Each structure stands twice: as C-alpha cells, then as structure tokens.
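# Summary of structural features
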Amino acid sequence: MVNNEFKNTNVSRTIRFTDSLFDRLNQVAGENNISFNLLVLQCCKYALDHMEEPEENKPSAK
C-alpha cells in the first residue's frame, strides 16, 4: 500500500549505500513493485516511528 504522505517528496539529498544494502533495497523494491525512493522513505519512517526513547527521557521506575 502506497502511503500518500510521500506523494510530494521534494527535498533532494545524496546518500551513500554499501553495495550489498543497495542491492537488497533494489531487490525488495522490485519484489513489491515500488520505487527505490519510496522504499527508502518507508524504511526511514518505520525506523523513526519504532525508535526506542533514550534512557534519559524515560520516566524512572522508583
């Protein structure tokens, strides 16, 4: 399912991937019939949404 929040992506950045990661991402994008760019955006959003809070921001258990 394509997420519409990625419809108007317009900030351009250059990033570098290892050969193996690039190949794996390309393979997954192809298997899911989506663009490489959309896959990378979805991966980044998923990672940010599922990051654990740093210990200093967590309420302490007393």
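Sequence order as written defines residue numbering, which begins from 1 separately in each chain. Given that the model is predicted, a residue must reach a pLDDT of at least 70 before its local features are reported, and side-chain atom pairs must reach 80 or more before they are shown or counted; all residues, however, enter totals for whole chains, interfaces and linings. Hydrogens and water molecules were not included; the side-chain quantities draw on all heavy atoms of the structure.

### Regarding the pattern of salt bridges
One speaks of a salt bridge when a side-chain nitrogen belonging to Lys or Arg is within 4 Å of a carboxyl oxygen belonging to Asp or Glu. Applying the stated rule across the entire model yields two salt bridges. Here K45 makes a salt bridge to D49, at a shortest N to O gap of 2.6 Å. You can see K45 and its partner D49 sitting in helix α2 (residues 36-49), four residues apart, about one turn around the helix. Connected through salt bridges with shared partners, the residues E5, K45 and D49 form a single ionic network. Helix and strand definitions follow DSSP, with helices as H or I runs of at least four residues and strands as E runs of at least two, each counted in order from the N terminus.

### Considerations on the environment of D19
Inspection of the secondary structure puts D19 in helix α1 (residues 19-31). Among the residues examined, D19 registers a relative accessible area of 65% and is labelled exposed. Placed ten residues apart in sequence, D19 and T9 show a C-alpha to C-alpha distance of 25 Å. Exposure is judged per residue with a 1.4 Å probe applied to protein chains only, and the accessible area is read against the type maximum: over 50% gives exposed, under 20% gives buried, and values in between give partly exposed.

All quantities given are derived from atomic positions and should not be read as evidence of function.
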